[in-house]
Amino acid sequence: FISWDDYFMAIAFLSAERSKDPNRQVGACLVSQEGIILGIGYNGFPRGCSDDKLPWAKKSARGDPLETKYPYVVHAEVNAILNTNHASAAGQKLYVTMFPCNECAKIIIQSGVSEVLYFVEKRIDNSDHVYVASHNLLSMAGVKVRKHQPQMAQIPINFQDPRV
Ligand SMILES: Nc1ccn([C@H]2C[C@H](O)[C@@H](COP(=O)(O)O)O2)c(=O)n1
Ligand SMILES: [Zn+2]
């Protein structure tokens, strides 16, 4: 059987599969102190804002930021917290496939999450201020940060009928 940490991180990975971002799919799973899943999310455009009308591009040929995804996309962490139906995030753990950016860190802190478990970090060196700021904020606010070390290399899901 799989460990709780692998289980919740796997749910974050599965949720990421729903993202339509062609460059990076991110998933998150918010879990209560009692081990109950309160919210899951992935990066996507806000509800009612169509993928057909908004761009998924990283760069604009004309240099127009409005032709890129960045001003529009809701990050996976924010969606997981907002999808809780307003249950309190206090004392909860957030499992994320990618280390949160500074904007997500602010929301994580303000919603009372006490621990972030992440799978990979996008930061390449200390020059990426977004991730340095995120580390600084989470540390100052006393939010625990842990890189998830999986106990299993993969968790296959087989849709075959188990009786077969
Ligand atoms: N912690 C994060 C970081 C990023 N995202 C989302 C936002 C974008 O859809 C994508 C990043 O795209 P890239 O610049 O790597 O092409 O990931 C997130 O949900 N959570
Ligand atoms: Zn973010």
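Predicted model only: the values in this text are computed from it and were never measured.

Novice: Before we go on, may I ask you to explain the UniProt feature "active site" (unreviewed entry) in the protein in this structure?
Specialist: Listed under "active site" (unreviewed entry) in the UniProt record, and renumbered for this structure, are E77. Tracing the sequence through the fold places E77 in helix α2 (residues 76-82). E77 gets classed as buried once you look at its relative accessible area, which sits at 4%. Not counting residues within four places of it along the chain, the set of residues in contact with E77 comprises A28, L94, V96, M98, F99, P100, C101, C104 and I108.

Novice: It is not clear to me how the coordination of the zinc ion (ligand 2) should be interpreted in this structure. Could you clarify?
Specialist: Ideal values for angles at a metal depend on the geometry: 109.5 degrees with four tetrahedral donors, 90 or 180 degrees with six octahedral donors. Surrounding the zinc ion (ligand 2) are the protein donor atoms H75 (ND1), C101 (SG) and C104 (SG), which sit 2.0 to 2.3 Å from the metal. Each donor residue of the zinc ion (ligand 2) belongs to the same chain, and together they define the spacing H-x25-C-x2-C. Taken as a pair, H75 in the loop between β2 (37-42) and α2 and C101 in the loop between β3 (93-98) and α3 (102-110) lie far apart in primary sequence, 26 residues in all. The class of C101 is buried, set by a relative accessible area of 7%.

Novice: What am I meant to see in the sheet that holds β2 here?
Specialist: Note: strands within a sheet are paired through backbone hydrogen bonds, in either parallel or antiparallel orientation. Ordered in space as β2-β1-β3-β4-β5, the 5 strands form an open sheet in which the pairing is mixed. The open sheet terminates on both sides in strands that have one partner only, identified here as β2 and β5 (144-147). Here the average twist between neighbouring strands, direction ignored, is 15°. Across 4 bridges, the pairing between strand β1 (residues 27-31) and β3 is antiparallel. The residue bridging C29 from the neighbouring strand is Y95, located in β3.

Reading guide: rules and limits
Residues numbered from 1 in each chain as written. Chains lettered and ligands numbered in written order. Predicted model: local features only at pLDDT ≥ 70, side-chain atom pairs only at ≥ 80, totals over all residues. Heavy atoms only, no water. UniProt positions renumbered as here; feature names shortened; annotations may be inferred. Helix = DSSP H or I, 4+ residues; strand = E, 2+ residues; numbered from the N terminus. Buried < 20%, exposed > 50% of the residue type's maximum accessible area, 1.4 Å probe, protein only. Contact = heavy atoms within 4.5 Å. Donors = N, O, S within 2.8 Å, 3.2 Å for Na, K, Ca; no water. Pairing = 2+ DSSP bridges. Axes fitted to C-alpha atoms, helices over the stretch in contact; angles between N-to-C directions.

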